[in-house]
Amino acid sequence: QVQLVESGGGSVQAGGSLRLSCAVSGYRYSTDYMGWFRQAPGKEREGVAAIDTDGGTNYADSVKGRFTISKDNSKNTLYLEMNSLKPEDTAMYYCAAGGRLSLTLQSRWYNYWGQGTQVTVSS
């Protein structure tokens, strides 16, 4: 059974930083595509960052230069380092695995999802 468990969310002031983690079990994730998504109230889920099997990355324009996606295969964990946070980054953040298209930021291409972790940025 595949499980993705996010952690690291919280409340910070604008300009602050957070590091999200996604622990993966029951899945040979190191060989597949993974990503981070977010969804704010009343808005559609949007892709934030994606990583491929070779460590290649792709980012949404809104987070380029501020967010960094990475993974540690030895720990079966995906990360999202978020710096210079803005109030518009406030959302529930989800990790996704089992991507069927390399570096895509479209949610329909991912098979497995975590339950999410809340990030709130105050001005």
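Residues numbered from 1 in each chain as written. Predicted model: local features only at pLDDT ≥ 70, side-chain atom pairs only at ≥ 80, totals over all residues. Heavy atoms only, no water.

Engineer: Describe the state of the cysteines, naming the residues involved and giving the relevant values.
Structural biologist: Put plainly, two cysteines are in a disulfide when a covalent bond ties their sulfur atoms together. For the coordinates displayed, the defined rule picks out one disulfide. The disulfide that involves C22 links it to C95, with 2.0 Å between the sulfurs. On the S-S bond that ties C22 to C95, the torsion sits near 45 degrees, and the link is right-handed. With a gap of 73 residues between them, C22 in strand β3 (residues 18-25) and C95 in strand β9 (residues 91-99) connect regions that are remote in the sequence. There is no split in this pair, since C22 and C95 are both buried. (Disulfide = S-S within 2.5 Å. Helix = DSSP H or I, 4+ residues; strand = E, 2+ residues; numbered from the N terminus. Buried < 20%, exposed > 50% of the residue type's maximum accessible area, 1.4 Å probe, protein only.)

Engineer: Report on the packing of aromatic side chains, specifying residues and quantitative values.
Structural biologist: Summed over all chains, the structure comprises three aromatic pairs. Residues F37 and Y110 carry aromatic rings whose centres are separated by 5.3 Å and whose planes lie at 75 degrees to one another, so their mutual orientation is edge-to-face. Within this pair, whereas F37 is found in strand β4 (residues 33-39), its partner Y110 is found in the loop between β9 and β10 (112-113), the two being separated by 73 residues in sequence. For F37, a relative accessible area of 0% corresponds to the buried category. Feature note: the residues F37, Y110 and W113 constitute an aromatic cluster, connected by ring pairs. (Phe/Tyr/Trp six-rings, centres within 6.5 Å; stacked < 30°, edge-to-face > 60°.)

Engineer: Outline the side chain of T104, listing residues and values.
Structural biologist: Mapped onto the elements of the fold, T104 is located in the loop between β9 and β10. Apart from the residues lying within four places of it in its own chain, the contact partners of T104 are A50, W109 and Y110. (Contact = heavy atoms within 4.5 Å.)

Engineer: Outline the pattern of salt bridges, supporting the account with residue identities and numerical values.
Structural biologist: If you walk through the whole model with that rule in mind, you get five salt bridges. Where E81 meets R19, a salt bridge forms, and the shortest distance between an N and an O atom there is 3.7 Å. One end of the pair, E81, is in strand β8 (residues 77-82); the other, R19, is in strand β3, and 62 residues separate them in sequence. Accessibility expressed as a relative area gives 46% for R19, which makes it partly exposed. (Salt bridge = Lys/Arg side-chain N within 4 Å of Asp/Glu carboxyl O.)

Engineer: Mind laying out the pairing of strand β7 (residues 67-72), listing which residues take part and the relevant values?
Structural biologist: A one-sided burial pattern is seen for β7, the buried positions being F67, I69 and K71 and the unburied ones T68, S70 and D72. As paired strands, β7 and β8 are joined by six bridges and run antiparallel to one another. The partner of S70 across the bridge, within β8, is Y79. Between β7 and β8, which pair antiparallel in sequence order, lie four residues; one of them, N76, sits at a positive phi of approximately 50 degrees. (Pairing = 2+ DSSP bridges.)

Engineer: Quick one: what's the story with the sheet that holds β8, residue by residue and with numbers?
Structural biologist: To summarise the sheet geometry, strands pair through backbone hydrogen bonds and adopt either a parallel or an antiparallel arrangement. If you trace the four strands from one edge of the open sheet to the other, you get β1-β3-β8-β7, paired in antiparallel fashion. Taken across any chain shown, the strands that pair with only one partner, and hence form the sheet edges, are β1 (3-7) and β7. Taking the axes of each pair of neighbouring strands and ignoring which way they run, one obtains an average angle of 15 degrees across the sheet. In this sheet, β3 lies alongside β1 in antiparallel orientation, the contact comprising five bridges. By the bridge assignment, V5 is partnered in β3 with A23. (Axes fitted to C-alpha atoms, helices over the stretch in contact; angles between N-to-C directions.)

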